[in-house]
Protein chains: 2
Amino acid sequence: MNKTIETILNHRSIRSFTERLLTKEEIRLLVESAQSASTSSYIQAYSIIGVDDQSKKRELAALAGHQPYVEKNGHLFVFCADLYRHHKMAMEKGEDIKESLEGTETFMVSVIDAALAAQNMSIAAESMGLGICYIGGIRNALNEVSEILETPEYVLPLFGLVVGHPANPSAKKPRLPLEHIYHENTYQVDEADIHKHLNAYDETISNYYHNRTNGKRADKWTEQITQSLKQPKRTYMHEFVKEKGFNKR
Amino acid sequence: MNKTIETILNHRSIRSFTERLLTKEEIRLLVESAQSASTSSYIQAYSIIGVDDQSKKRELAALAGHQPYVEKNGHLFVFCADLYRHHKMAMEKGEDIKESLEGTETFMVSVIDAALAAQNMSIAAESMGLGICYIGGIRNALNEVSEILETPEYVLPLFGLVVGHPANPSAKKPRLPLEHIYHENTYQVDEADIHKHLNAYDETISNYYHNRTNGKRADKWTEQITQSLKQPKRTYMHEFVKEKGFNKR
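Residues numbered from 1 in each chain as written. Chains lettered and ligands numbered in written order. Predicted model: local features only at pLDDT ≥ 70, side-chain atom pairs only at ≥ 80, totals over all residues. Heavy atoms only, no water.

1. Re the interface of chain B and chain A
Now for step 1: Between chain B and chain A, the contact holds 124 residues from the first and 123 residues from the second.
Now for step 2: Summing both partners gives a buried area of about 10,400 Å² for chain B against chain A, and 61% of it is carried by carbon and sulfur.
Now for step 3: Considering only the surface of chain B that becomes buried against chain A, Y42, N185 and Y187 of chain B emerge as the three largest contributors, covering 9% of it.
Now for step 4: Ranked by residue count, the leading element in the side of chain B that touches chain A is helix α7 (residues 104-127) of chain B, at 14 residues.
Now for step 5: Along the lines of polarity and charge, the residues of the side of chain B that touches chain A split into 58 nonpolar, 36 polar and 30 charged.
Now for step 6: Where strand β1 (residues 46-51) of chain A and strand β5 (residues 182-184) of chain B come together, three bridges link them in parallel fashion. (Contact = heavy atoms within 4.5 Å. Buried area = accessible area lost by both parts, 1.4 Å probe. Helix = DSSP H or I, 4+ residues; strand = E, 2+ residues; numbered from the N terminus. Nonpolar A, V, L, I, M, F, W, Y, C, P; charged D, E, K, R; others polar. Pairing = 2+ DSSP bridges.)

In structure tokens:
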């Protein structure tokens, strides 16, 4: 197994960083790594906003659910779906591309583009010995986040990515059985198989929490996730993305 | 610069593969790499369908725009947004989670989850000396793709990823200027700056095509992309994703 795959398999989210900030050179290398990811038909439909202004970080941390690591880290990046440049350049050429920009297809393309770039940055950071954590919590309040970051129309902040020097180690969380995630030639819907996989996984996760909390917690994955999905979250999103110009038709 | 970052920066899409198939062990390692990516609140809202059935590959290649490399490669993976397991486990527990599953927020989560996993697989493959190419073309005809792969409700194929042993080298395509993609603290909308960046990039791309085609092509990026966005593509997507249970509210 090569070093890169070791890095990838060894991933765990880091939620506690030292005070040490990333250097300009590190930030540059991370952004270049992000940019090297594939992009749908060369469209490059994303942007990255790096935040080091401490008051902005504090505001974003409060919106994202008061997690201290959103404020205290080596650097905070916010990944955005971005069709603003495309809108601008078409306007300048006198072309109307609104129907494309505002379609669900292009929305998906821009979200995928941003995610591919972010994962490149994550692996690059981890290969440098840095830790990372995605911050979906900024989607709690995208209206406020957009104001803080001053994003224009056709720009949609999607998630944060904090990067820094790890202060505390964390454990690798077990994933669903490979046989459950990976299907051969057709999607397998065999009820008995799904049952078997999810039961085995529930046991794995229950043991994982038990060991990590000295027996205080023993949640099963299916329970944890079902409970979390029982409360619809961020229900404003459907309208909000449209207001920003995405996913309208 | 470490080996992993070298691999990341050296990315180029490969569109021509030898006949050599991936081994079972290689496929397993690639899927494990994909699974190691971050996942939003542990939801794991994606699946991967590996296709080695030659007739299915041929059908998918035809739907995706008759690119020979969709049929001829080391292995074809299809990444899907997947909430089917979540739907099933909630049903079994007698819980109603439809409002969550069908929201735009969860749609975004599942698309991001799938993309992060896919990019992990891409980097892992490239670190092994394999080549990759994303196949957005399957979104030309997701209804037919869903039938071929027999995906149930709450599963949405997003893109293919072909992996294999490169037959022909390809060139690294230059990306937008870093200063254009990367913003500091707030999104920069200075018209003059945007102009400067896009003009410089157009020249870079024009030279790139000129050199690669012995002067036959000299497209500018802003022209190429504007032309492509003038024709709305895959306009059925807005309704289709809803039919599959996503992005409804």
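After that view of the structure, there is still more to cover.
2. Things to note about the pairing of strand β2 (residues 75-82) of chain B
Residues and elements named next belong to chain B.
Now for step 1: With eight of eight residues buried, β2 is to be regarded as a mostly interior element.
Now for step 2: Alternating positions in β2 separate into two faces, H75, F77, F79 and A81 on one and L76, V78, C80 and D82 on the other, with burial throughout.
Now for step 3: For strand β1 (residues 46-51) and β2, the ladder comprises six bridges, and the chain directions are antiparallel. The residue of β2 that forms the bridge with S47 is C80. (Buried < 20%, exposed > 50% of the residue type's maximum accessible area, 1.4 Å probe, protein only.)

3. Focus: the domain arrangement of chain A
Now for step 1: The domains assigned to chain A are domain 1 (3-168 + 233-243) and domain 2 (178-218).
Now for step 2: Computed over C-alpha atoms, the centres of domain 1 of chain A and domain 2 of chain A are 30 Å apart. (Domains from an automatic or database assignment.)

4. A short note on the pattern of salt bridges
Any two side chains of opposite charge can pair, given that their charged atoms come close.
Now for step 1: For the structure on display, the rule yields 28 salt bridges over all chains.
Now for step 2: One salt bridge in this structure joins K88 of chain B and E191 of chain A, with 2.8 Å as the shortest N-O distance. Of this pair, K88 of chain B sits in helix α5 (residues 84-92) while E191 of chain A sits in helix α10 (residues 191-212), which puts the two residues in different chains.
Now for step 3: Classification of K88 of chain B as partly exposed rests on a relative accessible area of 21%.
Now for step 4: For E191 of chain A, a relative accessible area of 45% translates into the label partly exposed.
Now for step 5: A salt bridge links K196 of chain A to D193 of chain A; its shortest N-O distance comes to 3.8 Å. In this pair, K196 of chain A and D193 of chain A both sit in helix α10, three residues apart, roughly one turn of the helix. (Salt bridge = Lys/Arg side-chain N within 4 Å of Asp/Glu carboxyl O.)

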